[in-house]
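Descriptive analysis of the structure
Read off the chains here:
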Amino acid sequence: MTIVQSLFYAYLDEGLLPLTGYNPYHMHDYPHAAFTAFMVDDEVHGMDRGGLALQEIMFFENFASFIKPSNCLVIGNSLGWSTVATALAFGDAKVVGVDNNPNRNGLDLTNRIFEKLKLKGGAVFGESPNDLERVCSENLDGPVDFVLIDAIHNNTAIVSDFNGVNAIAAPECVYLFHDVINYKMIEGFKSIIRDSGLDGRLLTKTTSGMGVAYSKSVVSQEFVDYVTMFSDDPEIFKNYRYMIGQVADEMNGLYDEFQ
Ligand SMILES: C[S@@+](CC[C@H](N)C(=O)[O-])C[C@H]1O[C@@H](n2cnc3c(N)ncnc32)[C@H](O)[C@@H]1O
């Protein structure tokens, strides 16, 4: 079974129906329609802290086949959607999700799913960056070699989350950042690449505009080729975006006729 299916069924089994992957155009142009919320007894939960989009989980499923981390960290666990996805994708690795939300329901839900699926690790309460060292030393078996950063969405916070984990990470650690374009964190991402000496790609073809950083000397060429395919030459991206802007109003009018 694919990881995206295992993930979907794990939440269904807990009574949460994942709502994810929708085209905003089909959802009144709601910009976050692609991201993951959950329906529980006719009520929607998690719309304010949307998890990775369905298409990003599918991207991640293939991405994960190019690297073999042993100790993974997810900063911003929320309801565990991406922490469980990480544990499913890296079946041999230990995974810890951390969240500073005082309401522990998301941590409990994540830990129930980890137990049911016999995944290694779980979710714990903690605040990034100050608690990362403690959280990792208490819950992982060695230095972090994969991290997903998805907590506070501003330039200052992604830099301090990155610095917090970089200080305790293995040199071969791969860093994946959610929402870089959507939340205008390109400056922060660029400064991370510049100051760390890592290589990086802005994944313009992912739903939230993720970013990835890694040491070129330790990842495979296949990995670099895969992430490069999801990114763009900045000039081409800018020009295509401009061209879309020119025709968008006209096209929207055209489609309205069919609704
Ligand atoms: C966008 S949500 C994460 C979504 C999750 N990664 C997923 O895919 O389902 C952001 C989460 O980060 C948590 N958070 C915000 N600041 C944090 C911090 N400094 N340390 C730990 N967690 C934080 C919030 O409580 C929230 O649950």
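On a predicted model such as this, the values are computed, not experimentally measured, just so you know.

Attention now goes to the packing of helix H1 (residues 3–13) against helix H3 (residues 81–89). Relative to each other, H1 and H3 sit at 135°, their axes nearing to 10 Å. One way to sum up the angle between H1 and H3 is to call them oblique. H1 and H3 meet at a crossing whose hand is right-handed. Across the interface between the two elements, Ile 3, Ser 6, Leu 7, Phe 8 and Tyr 11 from H1 touch Trp 81, Val 84, Ala 85, Leu 88 and Ala 89 from H3. Class assignment of the residues belonging to the contact of H1 with H3 gives a composition of 9 nonpolar, 1 polar and no charged.

There is a patch of nonpolar side chains on the surface, built from Tyr 22, Met 27, Tyr 30, Val 44 and Met 47 and spanning about 410 Å² of accessible area. By the secondary structure assignment, Val 44 is in strand E3 (residues 43–45). Taking the relative accessible area as the measure of exposure, Val 44 reaches 38% and is therefore partly exposed.

Attention shifts here to helix H5 (residues 132–139). Every buried residue of H5 is listed here: Leu 132, Val 135 and Cys 136. One face of H5 carries all of its buried residues, which in axial projection span an arc of 95°. Facing away from the buried side of H5, by more than 90 degrees, are the exposed residues Glu 133, Ser 137 and Glu 138.

So, how was this worked out
- Starting from 1, residues in each chain are numbered consecutively following that chain's sequence as written.
- In view of the model being predicted, local features appear only for residues whose pLDDT reaches at least 70, and side-chain atom pairs are presented and counted only at 80 or more, with totals across whole chains, interfaces and linings using the full set of residues.
- Note: side-chain values were computed over all heavy atoms of the structure, leaving out hydrogens and water.
- Under this scheme, a helix contributes an axis fitted over its contacting stretch, all axes are lines through C-alpha atoms, and angles between N-to-C directions fall in the 0 to 180 degree range.
- Runs of H or I in DSSP of at least four residues are treated as helices and runs of E of at least two as strands, each being numbered from the N terminus.
- Under this scheme an angle from 65 to 115 degrees is roughly perpendicular, one under 35 degrees roughly parallel, and one over 145 degrees roughly antiparallel; angles in between are oblique.
- It is the rotation of the near helix from the far one that decides the hand of a crossing: anticlockwise by less than a right angle makes it left-handed, clockwise makes it right-handed.
- Note on contacts: a residue pair qualifies if any of its non-hydrogen atoms lie within 4.5 Å across the two residues.
- Charged means Asp, Glu, Lys or Arg here, nonpolar means Ala, Val, Leu, Ile, Met, Phe, Trp, Tyr, Cys or Pro, and polar covers whatever is left, Gly included.
- Candidates for patches are residues over 30% relative accessible area with no salt bridge; among them, like charges are joined within 9 Å and nonpolar side chains (Val, Leu, Ile, Met, Phe, Trp, Tyr) within 5 Å.
- Method for areas: the Shrake-Rupley scheme with a 1.4 Å probe, in which residue coverage is limited to the protein chains shown.
- Whenever a carboxyl oxygen of Asp or Glu lies within 4 Å of a side-chain nitrogen of Lys or Arg, that contact is scored as a salt bridge.
- Exposed residues in this analysis have more than 50% of their type's maximum accessible area, buried residues have under 20%, and partly exposed residues fall in between, with area computed by a 1.4 Å probe over protein chains only.
- The directions considered for the arc are those from the helix axis to the C-beta atoms.

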